[in-house]
Amino acid sequence: MKVHDMNSLSPTSKPVSRVIVIGGGIFGISSAVHLARLGIPTTLVNNGPVANGASGRSLAWLNSSRMRSEAYHRLRMVGIDRYRTLAAKYPDASWLRFEGGLTWDADDSTNEIADVYAHERLIGYDAQHVVPDGIAAVTPGVDARAVTRQGALFNPGEGWVDLPSLIELLLEEFLARGGKLVSDSGRAEVVIKDGRASGVMTASGASFEADAVLLATGPDVPRMVKKAGQHIADATPIALLVRTTPGQHDLRAVLNTPRVAIRPTPTGGLALDSAWSEEEVVTRPDGSYEVKNSTLQGLLDEASKVLQGNPTLEIESYGVGPKPIPGDGDPVFGELKDIPGYYVAFSHSGATLGLIAGELLAGEIASGNRHPLLDSFRPERFG
Ligand SMILES: Cc1cc2nc3c(=O)[nH]c(=O)nc-3n(C[C@H](O)[C@H](O)[C@H](O)COP(=O)(O)OP(=O)(O)OC[C@H]3O[C@@H](n4cnc5c(N)ncnc54)[C@H](O)[C@@H]3O)c2cc1C
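Residues numbered from 1 in each chain as written. Predicted model: local features only at pLDDT ≥ 70, side-chain atom pairs only at ≥ 80, totals over all residues.

## Quick word on the site of the ligand
Consideration 1: For the ligand, the set of nearby residues contains 38 residues, the closest of which are Gly-25, Gly-53, Ser-58, Gly-218 and Gly-350.
Consideration 2: Put simply, the parts of the chain that give the shell around the ligand at least two residues each are helix H1 (26–37), strand S14 (238–244) and helix H9 (350–367).
Consideration 3: Partitioned by chemical class, the residues of the shell around the ligand number 15 nonpolar, 18 polar and 5 charged.
Consideration 4: Counting only domains with at least three residues in the shell around the ligand, you end up with domain 1 (19–55 + 164–234 + 327–382) and domain 2 (101–156 + 237–322). (Near = placed C-beta within 6 Å. Helix = DSSP H or I, 4+ residues; strand = E, 2+ residues; numbered from the N terminus. Nonpolar A, V, L, I, M, F, W, Y, C, P; charged D, E, K, R; others polar. Domains from an automatic or database assignment.)

## What about the nonpolar core?
Consideration 1: Core analysis: the biggest nonpolar cluster contains 101 residues, and Val-19, Val-213, Leu-214, Leu-215, Ala-303 and Ile-365 have the highest contact counts within it.
Consideration 2: Broken down by element, this core gets its largest block of residues, 10 residues, from H9.
Consideration 3: Split by domain, the residues of this core number at least three in each of domain 1 (19–55 + 164–234 + 327–382) and domain 2 (101–156 + 237–322).
Consideration 4: Residues contacting Ala-303, with those up to four places away along its chain left out, are Val-260, Ile-262, Leu-270, Leu-272 and Leu-313. (Core = buried A, V, L, I, M, F, W, Y, C linked by C-beta atoms within 7 Å. Buried ≥ 20, exposed ≤ 12 C-beta atoms within 10 Å, placed from the backbone. Contact = placed C-beta atoms within 7 Å.)

## Some points on the packing of H1 against helix H5 (residues 163–176)
Consideration 1: One can describe the packing of H1 onto H5 by two numbers: an axis separation of 9 Å at closest approach and a directional angle of 25°. In terms of axis orientation, H1 runs roughly parallel to H5. Considering how the two elements wind past one another, H1 and H5 form a crossing that is left-handed. Residues Ile-26, Ile-29, Ser-30, Ala-32, Val-33 and Ala-36 of H1 touch H5, and the partners they reach there are Leu-163, Ile-167, Leu-170, Leu-171, Glu-173 and Phe-174.
Consideration 2: Of the residues belonging to the contact of H1 with H5, the class tally is 10 nonpolar, 1 polar and 1 charged. (Axes fitted to C-alpha atoms, helices over the stretch in contact; angles between N-to-C directions. Parallel < 35°, antiparallel > 145°, perpendicular 65-115°, else oblique. Left-handed = near helix turned anticlockwise from the far one by under 90°.)

Structure representation (structure tokens):
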């Protein structure tokens, strides 16, 4: 592999003296703080308070479980590495825990547990295949009766993060390093002049000039690049995340089960989501969402069934809205080939990738050099 020094400029690139980042989710804030660390004057523009998009309602399981391309697996593992460094700095953080993940599948022909175990062993991803009766010995708080006869996979290296807490921490550093936050000017648009990104204009009429703009507007990325004649395939669904009140549970791991995914929250509650419950959300003609009580109760019931002691769970709050997913499932990172200075960040698994994506994108913007870890994820693959 060719070695790139991300902090040095390529012979053809011009030094970047001002960068605007649009989007105060994990990709935007992580990129902004990494740009500030590189000494680049950076303004972060968000439509309202930071973390008000998908990052504010994410399950945020840090993982590279199951099967995917080698390049995507590698990027996720490097992503987890950055969280491990952060966890070593904040060992007592209630918002970042590495206490493993436990996964099981339905007891039918879709059960892939044995194949996934073989694959994870092959690639060196830490995995233990556990029979239901053996689960209590590896992780607490799970009702072993709910685990299917094919058993479960325990991945001790996995964890979870509370993204709003992380975003707050990164924002504090960004501001301390002289970064500017604009959150009261409405929606922003990228301004293109002479074929390259030249700044940003907001709905309230404020305008900012820049040498480079990073579009990190989550689910809005495909629609916004379309205005500039660019295509990024989009498979964004509407997702639902339910948070329960602090209660009596001993769960430590992230659970991925056929009917519900669960992780602890910093305040002692649980965060829950599932594929079936997001499919039950109705989008009204005016764009608002309708979440049925039966869906919320159904998710609580499914969670109770897999937790030791089958506790009665109560809703503290829930979040509903788009979950950014590119059309081919893979991340989209980097400069638009046809529009110099116009960078994008659009991905599923943005919790796992949040720190590393910000680091690599900031390096690319600052140096003009493309990082090889992002080579498989360029926007130009959509043509
Ligand atoms: C229910 C759910 C479960 C998930 N589970 C996991 C998981 O287990 N593991 C994992 O790794 N990932 C998971 N994800 C995915 C992860 O949370 C997202 O990939 C990530 O949060 C996306 O961050 P973002 O910065 O791209 O977007 P967002 O967090 O949506 O941030 C975009 C920001 O841009 C702002 N914005 C939009 N348009 C404009 C505009 N024109 N001008 C100004 N501001 C604008 C919005 O207000 C928003 O604050 C999950 C997501 C959801 C919703």
